Amino acid sequence: MNFFPTPYADEILYSTLARYCIRSGNVREIHNFEDLFGTRNCIASLELPTHLDALINNMPVGAKYTAEYLIYKHTLFPFVAAFIPEERTKKIIQTMRNGEGAISYNRTGLLSITLNQYFRFCPQCFREDVEIYGEPYWHRLHQVTGVYICPKHKIPLYNSTQLIRAGNRQRFIGASHENCKVDEEITYSKDLTKKMLWMAEDVQVLLNNQFEFKEPEWFRSQFRVKLVEKGYARMNNYIHQKRLKQDFINFYGEEYLNLVQSPLTMNSKGWLPDLVRKNDRTTYAIRYLLLARFLEVPIVDLFNTKLATNAEGENTIDAYQELWDQRLIELSQSGLSIRAIAEILESSTKTIRKAIDRLGIDEFWKFNGGGKYLHKKYIDTEEFKIKREEFRRKWLQLHAEYADISSNQIRRKNDGLYSWLKKYDKEWIEGNYRRVKRVVNTVDWDKRDAELLPQVKEIVIEMKKGKPERMTWTTIGSKLGISGWLSKRKEKLPLVKAYIESQVETMEEFHIRKIKWAIDELEKQEKPMTLWNLAETAGVKPRYIESNNKEVREILISKGYSVDFV
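So, a few notes on the structure that sits alongside this text. (Residues numbered from 1 in each chain as written. Predicted model: local features only at pLDDT ≥ 70, side-chain atom pairs only at ≥ 80, totals over all residues. Heavy atoms only, no water.)

1. What to know about the overall build of the protein chain
As a reminder of what qualifies: Secondary structure elements follow DSSP: runs of H or I of four or more residues count as helices, runs of E of two or more count as strands, with numbering from the N terminus. Based on C-alpha atoms, the radius of gyration is set beside the globule rule, defined as 2.2 Å times the residue count to the power 0.38. Relative accessibility thresholds used throughout: buried, under 20% of the residue-type maximum; exposed, over 50%; partly exposed, between the two (1.4 Å probe, protein chains only). What makes two residues a contact is simply this: any of their non-hydrogen atoms within 4.5 Å. In these tables, accessible area is a Shrake-Rupley quantity obtained with a 1.4 Å probe, and a residue counts as shielded only by the protein chains included in the view. Only four residue types enter the charge count, namely Lys and Arg as positive and Asp and Glu as negative; His and the chain termini do not. Charge positions are represented by NZ for Lys, CZ for Arg, CG for Asp and CD for Glu.
Broken down by element type, the protein chain carries 29 helices and four strands. Compactness check: the protein chain gives a C-alpha radius of gyration of 32 Å against a globular reference of 24 Å for 566 residues, more than 25% above the reference. When the backbone C-alpha atoms are referred to their principal axes, the protein chain occupies close to 95 × 70 × 40 Å. A buried classification covers 46% of the 566 residues belonging to the protein chain. A fraction of 66% describes how many contacts in the protein chain between residues 6 or more apart in sequence connect residues 24 or more apart. Total accessible area on the protein chain stands at roughly 31,000 Å², and carbon and sulfur atoms take up 48% of it. For the protein chain, the distance from the average site of its 88 positive side-chain charges to the average site of its 76 negative ones is 5 Å.

Right, here's the structure in full:
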């Protein structure tokens, strides 16, 4: 290269390379790749570009840039790799310097989310850039998936008309007045704006600071201190997962969590439980920031300050863990049952068993009372007789308190009580098991059929208005909130069945409808009618367009387009 543009403040490298392409004078775009990288065998990548060593080698004599400088100052690496162990980050940097880009995306968790489809811009930043530099450019903060607000101007970011991953991937396209237009103003509620601004500010901290890379255990320890402090965990590592999840959802709201692709359900699985307990899964950086903000841990402190649990600055969790482990070893030698040990240590039996495996303690319990009754049966002991009478009394008391419900309903909330009686007092529990007959309400299916039909028709009309969705019993039922039983009861709903089956599509019919819609969209956006643009906009793979060759050709010909690419 005879020259190389100076990267602007917060400019993403893709944008700098696009500005080079504008000034290079090359007639063919592929020649820009030869100038920049000395090869045509690479693609224009936004988040984690590759072949950076080749780019540095091809720069003009006297250029002071290094691959590391570009990686840390003008790519999304400092954000996406912030919570990844140092050994893995070294491999990512090596890949960015000279390797296959897809490997880096997999190592940073980018493949676990849906990345931005379009380049994003802030209208005020756009105007300021033109005033100061004479031209606009793509800001790297604005391109982070999960950032919706410009923290400088505190206004929403807008999608440009330029796709990030579509069409010819061997060209760099810069920001311009043509592709950065605001057709319709975006507004968010005050609550959403506040949370979006939090995230934008925290992402900006990661991008602008080169924090030391830490092992996953560092972040788990930092979060654990705050979880204990706020009452979501005990010193013995037990975490109140349900309460943590519920408060987390209440704090952010489901709408915002869905926007940043981090939804939660109340079951035992999900990204949040994984983040606070030991695992080797790679998690997208946005989710660390969500948890840090929820626990009120500033990002700088999260990386640089070892959080403590007492005023003297000591992390007493680790000290407590050592004492707890020692106490467990002592109790395991005392002949107590696991349940009795769990009560003493204020833990669950599951936690005790896991700790026994972790510490390598030999199994000491027996099924006849945890090893306490090695010389006689548990059911012959005085302790058993006392417990049986107590449990019988509790069972009868519950039935007296809840006289209008069945034993089956009572046992759901008292399963431990019922299980013990079922095991040790089977004849008695069967004689004291109450069954309440319920009157089953009959459904007037003809009435329900007539009431559902107009609702179904309205749903189908709405589905046909926007981006195509496949017409199936499941999708229609889910939009009505009755997907669990609609298709199972369709024989009882003849009117609804006849109408839905007239609308249900095969996969081939659905692809054709999506392609028709994509053609109209490309016309509205005044974009070239190419195979890749058509596939990207329709959301189908090119082979589906080629498999429907005849129908697609007829549609394109009827609209006056060339069909050479089909």
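2. Examining the packing of aromatic side chains
To be explicit about the condition: The pairing test for Phe, Tyr and Trp rings, Trp by its six-membered ring, is centres within 6.5 Å, and the orientation test on the planes gives stacked under 30 degrees, edge-to-face over 60, and tilted for anything in between. The criterion for a charge sitting over a ring is simple: Lys NZ or Arg CZ within 6 Å of the ring centre, and within 35 degrees of the ring normal.
What the rule picks out here adds up to 38 aromatic pairs. Ring geometry for Tyr133 and Tyr137: centres 5.9 Å apart, planes at 65°, overall edge-to-face. Aromatic pair Tyr252 and Tyr256: ring centres 5.9 Å apart, planes at 25°, arrangement stacked. Put simply, the rings of Trp198, Tyr232, Phe248, Phe251, Tyr252, Tyr256, Trp271 and Phe294 pair up and form one aromatic cluster. Residue placement shows Lys214 over the ring face of Trp218; its charged tip is 4.1 Å from the ring centre. Positioned above the aromatic ring of Tyr499, the side-chain terminus of Lys457 is 5.6 Å from the ring centre.

3. A short note on the side chain of Arg140
The cut-off we apply is this: Think of a polar contact as two N or O atoms within 3.5 Å of one another; within protein, one of them needs to be a possible hydrogen donor and the other a possible acceptor, and neighboring residues in sequence only count if both atoms come from side chains.
Its place among the elements puts Arg140 in the loop between helix H8 (123-133) and strand E2 (149-150). A distance of 3.1 Å separates the side chain of Arg140 from the backbone oxygen of Tyr72, its partner in a polar contact.

4. Observations concerning the pattern of salt bridges
If the charged atoms of two oppositely charged side chains come close together, the side chains can form a pair. Put simply, the test is: Any carboxyl oxygen of Asp or Glu within 4 Å of a side-chain nitrogen of Lys or Arg constitutes a salt bridge here.
What the rule picks out here adds up to 25 salt bridges. Here Arg19 makes a salt bridge to Glu135, at a shortest N to O gap of 3.2 Å. One end of the pair, Arg19, is in helix H1 (residues 13-24); the other, Glu135, is in the loop between H8 and E2, and 116 residues separate them in sequence. Each member of the pair Arg19 and Glu135 is classed as buried. Between Asp191 and Lys195 there is a salt bridge, with its nearest N and O atoms 2.6 Å apart. Here Asp191 and its partner Lys195 are both found in helix H9 (residues 190-208), four residues apart, which amounts to about one turn of the helix. Through salt bridges with shared partners, a single network forms among Glu11, Arg19, Arg23 and Glu135.

No statement about biological role is implied by the geometric values presented.
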